Amino acid sequence: MKHKKGLTAVAFLVSVFLLASCGRSEESTVEKFYRSLEKGKISEAKGYVSVQVVGLLGDRKLSLALSKESENIRKCGGIKKIEVNLEGSGEIRSGTTKVTFNGDCEPSFQNTKLIKEDGEWKITAGK
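Residues numbered from 1 in each chain as written. Predicted model: local features only at pLDDT ≥ 70, side-chain atom pairs only at ≥ 80, totals over all residues. Heavy atoms only, no water.

Colleague: Describe the nonpolar core, listing the residues and the values that go with them.
Modeller: Within the largest apolar cluster, 22 residues are counted, with the highest numbers of intra-cluster contacts made by Phe-33, Tyr-34, Leu-37, Leu-66 and Ile-79. When residues of this core are traced back to their parent elements, those giving at least two are α2 (26–38), α3 (42–46), α5 (59–75), β1 (79–87), β2 (92–101) and β4 (120–123). Look past the residues within four positions of Tyr-34 in its chain and what remains in contact with it is Ile-73, Ile-79, Ile-82, Thr-97, Val-99 and Gln-110. (Core = buried A, V, L, I, M, F, W, Y, C linked by side-chain atoms within 4.5 Å. Buried < 20%, exposed > 50% of the residue type's maximum accessible area, 1.4 Å probe, protein only. Helix = DSSP H or I, 4+ residues; strand = E, 2+ residues; numbered from the N terminus. Contact = heavy atoms within 4.5 Å.)

Have a look at this one:
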């Protein structure tokens, strides 16, 4: 009987862990955005951008800007490290992102703002 209770407890903890990891955290949204750009996956990167930004730039300009950033990351030898520092509560988070590269490029510092759209964190325009 003790063995069965132990398995039940383990199953419960695993279930809680899996449920907690289902939602995309704000920081992981930013990291996945940059990793998509690093791999040249522009369509995937656009999936991490808010409707507001797509509306402001339009799909074509956004794709061109992301392609250019992807090329810059490639020229810098790829991404070594992404550090995201966000603050806020509710549906909005803002802060900074530092991207360090494998090559000789200087680290990139970006102001970062996220908004929750349909339950998912998306990168949005500052201000």
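Colleague: Help me get a handle on the packing of α2 against α5, residues and values and all.
Modeller: The interhelical angle for the contact between α2 and α5, taken along N-to-C directions, is 75°, at an axis separation of 8 Å. By the angle class used here, α2 and α5 are roughly perpendicular. Counted together, Phe-33, Tyr-34, Leu-37 and Glu-38 of α2 and Leu-66, Glu-69, Ser-70 and Ile-73 of α5 form the full contact between these two elements. A per-class count over the contact of α2 with α5 returns 5 nonpolar, 1 polar and 2 charged. (Axes fitted to C-alpha atoms, helices over the stretch in contact; angles between N-to-C directions. Parallel < 35°, antiparallel > 145°, perpendicular 65-115°, else oblique. Nonpolar A, V, L, I, M, F, W, Y, C, P; charged D, E, K, R; others polar.)

Colleague: Any chance you could break down the sheet that holds β2 for me, citing the residues and the numbers?
Modeller: Strand order across the open sheet formed by 4 strands is β1-β2-β3-β4, with antiparallel pairing between neighbours. With partners counted over all chains shown, the strands left at the sheet margins are β1 and β4, one partner each. Averaged over all adjacent pairs, the angle separating strand axes in this sheet is 30°, with direction ignored. Direction of pairing for β2 relative to strand β3 (residues 108–117): antiparallel, over a ladder of 8 bridges. The residue of β3 that forms the bridge with Lys-98 is Phe-109. Set on the sheet, α2 makes contact with β1, β2, β3 and β4; between it and β1 the angle comes to about 150°. (Pairing = 2+ DSSP bridges.)

By themselves these figures say nothing about function.
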